[in-house]
Amino acid sequence: MDLAELGAFLKSRRDRIRPADVGLPTGPRRRVPGLRRDEVAQLAGASVEYYIELERGAGSQPSEQMLAALARALRLTRDERDHLYHLAGRPIPVQGGPASHVHPGMLDLLERLDGTPAQVITDIHVTLVQNRLARALLGDQTRHEGLSRSFVHRWFLDPKGRISYPEQDHEHQSRSFTADLRAAVARRGGKDPQTARLVADLLERSPEFAALWEERDVAVRRDDRKRIIHPALGTVEVNCLNLFSEDGRQRLLWFTPAVGTGAVEQLELLAVLGNQDLLPSS
């Protein structure tokens, strides 16, 4: 662990990024060529004081979650992300895990989708990053720990996982999640520990999942039409679309209004409401 070099590296990456590159206003007066420290802290979800300490090479060893957030905030390449982890004395995250590297291009596209809910998820439905409208529509999906980071895990084992979906749609969603997970397991190979733990826990604790898994249906979830129950807007009917990474382990997921419904007006109102903690963190 080399905190002094870590701080210097963070500063060097911060200096090269323009505010417009990460969706921030430029403003008429800026004393630094790149991002300010408070802007990096905001993007990474850290306190300004904590980030200042990091750049000074002081404080405690940053967590893997914080390093992942900093890598995304600073639009690091995979090699730069790995270097950041080495300096912090942390193991490089497994690709496809909850701290996976998100390609800067995918993050840039996410930032540009500021008029529609969008998020980047893994192939086992772990949410890596959300834009403001996705948090407003779905709640904060990034705060979970352990196996519960996967929405598939929460869907089958946590009653709150289904609260935003009409009961009539549950069977379809269960089948779709199970078939998509089987595709992910095969894509990763039989020795992937993350999917092995997830499937084993679901088989042991969810009779519904075990029955569906036994049917051996497989289908990558490329698009879908969903009805999402929002506490302020009612039922919002949307098209759910996906853009996949090259290896299939990540997807940019965004929601567009379903034609012939009131979803256009509902999503416009969502932008006004913002995330007002109306939603349970399912």
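You'll find the structure just up there.
Residues numbered from 1 in each chain as written. Predicted model: local features only at pLDDT ≥ 70, side-chain atom pairs only at ≥ 80, totals over all residues. Heavy atoms only, no water.

## Let's talk about the packing of helix α10 (residues 193–205) against helix α11 (residues 207–215)
Packing of α10 against α11 brings their axes to within 6 Å, and their N-to-C directions diverge by 115°. With respect to α11, the axis of α10 lies roughly perpendicular. Viewed along their axes, α10 and α11 form a crossing whose handedness is left-handed. Within the contact between the two elements, α10 uses Val-199, Leu-202, Leu-203 and Arg-205 and α11 uses Pro-207, Phe-209, Ala-210 and Trp-213. (Axes fitted to C-alpha atoms, helices over the stretch in contact; angles between N-to-C directions. Helix = DSSP H or I, 4+ residues; strand = E, 2+ residues; numbered from the N terminus. Parallel < 35°, antiparallel > 145°, perpendicular 65-115°, else oblique. Left-handed = near helix turned anticlockwise from the far one by under 90°. Contact = heavy atoms within 4.5 Å.)

## Some thoughts on the sheet that holds strand β2 (residues 127–130)
Reading across the sheet, the five strands line up as β2-β1-β5-β4-β3 and stay open at both edges, with antiparallel pairing between neighbours. Looking at strand neighbours, the two that pair on one side only are β2 and β3 (223–230), the edges of this open sheet. Direction aside, the axes of adjacent strands within the sheet are offset by 30° on average. In this structure, strand β4 (residues 234–244) lies alongside strand β5 (residues 250–257), joined through seven bridges in antiparallel fashion. Across the sheet, residue Cys-240 finds its bridge partner in β5, namely Phe-255. (Pairing = 2+ DSSP bridges.)

## Observations concerning the packing of helix α2 (residues 37–44) against helix α4 (residues 64–73)
Running from N to C, α2 and α4 cross one another at 120°; their axes reach a closest spacing of 8 Å. Classed by the angle they form, the pair α2 and α4 counts as oblique. When you trace α2 past α4, the crossing you get is right-handed. Counted together, Val-40, Leu-43 and Ala-44 of α2 and Met-66, Ala-69, Leu-70 and Ala-73 of α4 form the full contact between these two elements. Residue composition of the contact of α2 with α4, by class: seven nonpolar, no polar and no charged. (Nonpolar A, V, L, I, M, F, W, Y, C, P; charged D, E, K, R; others polar.)

## A few points about the pairing of strand β1 (residues 118–122)
The side chains of a regular strand alternate, first on one face of the sheet and then on the other. With respect to burial, β1 is a largely interior element, five of its five residues being buried. Of the two faces of β1, the one carrying Ala-118, Val-120 and Thr-122 and the one carrying Gln-119 and Ile-121 are both buried. The sheet contact formed by β1 and β5 spans five bridges and is antiparallel. Among the inter-strand pairings, Thr-122 is bridged to a residue of β5, identified as Gln-250. Where β1 meets β2, three bridges bridge the pair, whose relative direction is antiparallel. Of the residues in β2, the one forming a bridge with Ile-121 is Thr-127. From the end of β1 to the start of β2, which pair antiparallel, there are four residues, and His-125 there has a positive phi angle of about 65°. (Buried < 20%, exposed > 50% of the residue type's maximum accessible area, 1.4 Å probe, protein only.)

## What about the pattern of salt bridges?
Under the criterion given, the structure shown has 23 salt bridges. The residue Glu-215 makes a salt bridge to Arg-175 at a minimum N-O spacing of 2.8 Å. Taken together, the residues span a long stretch of sequence, with Glu-215 in helix α11 and Arg-175 in helix α9 (residues 170–188) at a distance of 40 residues. One network of salt bridges, with partners in common, ties together Asp-123, Arg-187, Arg-188 and Asp-192. (Salt bridge = Lys/Arg side-chain N within 4 Å of Asp/Glu carboxyl O.)

## Observations concerning empty space enclosed by the protein
A water-sized probe rolled over the atoms picks out the places where empty space is left. One pass over the structure, following the stated rule, counts two cavities of 30 Å³ or more. For the largest cavity, the calculated volume is near 250 Å³. Along its surface, the largest cavity is lined by 19 residues, and Gln-119, Phe-151, Tyr-165, Lys-226 and Leu-253 are the ones closest to its centre. For the lining of the largest cavity, the elements supplying multiple residues, two or more each, are β1, β3, β4 and β5. Ranked by residues supplied to the lining of the largest cavity, first place goes to β5 with three residues. Its residues placed into classes, the lining of the largest cavity shows nine nonpolar, seven polar and three charged. Taken as a whole, the second largest cavity holds about 30 Å³ of empty space. If you go around the second largest cavity, the residues you meet are Arg-175, Thr-178, Ala-179, Leu-212, Glu-215 and Asp-217. Secondary structure elements with two or more residues in the lining of the second largest cavity: α9 and α11. Of all the elements, α9 adds the most residues to the lining of the second largest cavity, at three residues. For the lining of the second largest cavity, a count of residues per class yields two nonpolar, one polar and three charged. (1 Å grid on protein atoms, 1.4 Å probe; cavity = no way out; pocket = protein on both sides within 12 Å on 5 of 7 lines; lining within 4 Å. Points joined across faces, edges and corners; volume = space filled by probe spheres on them.)

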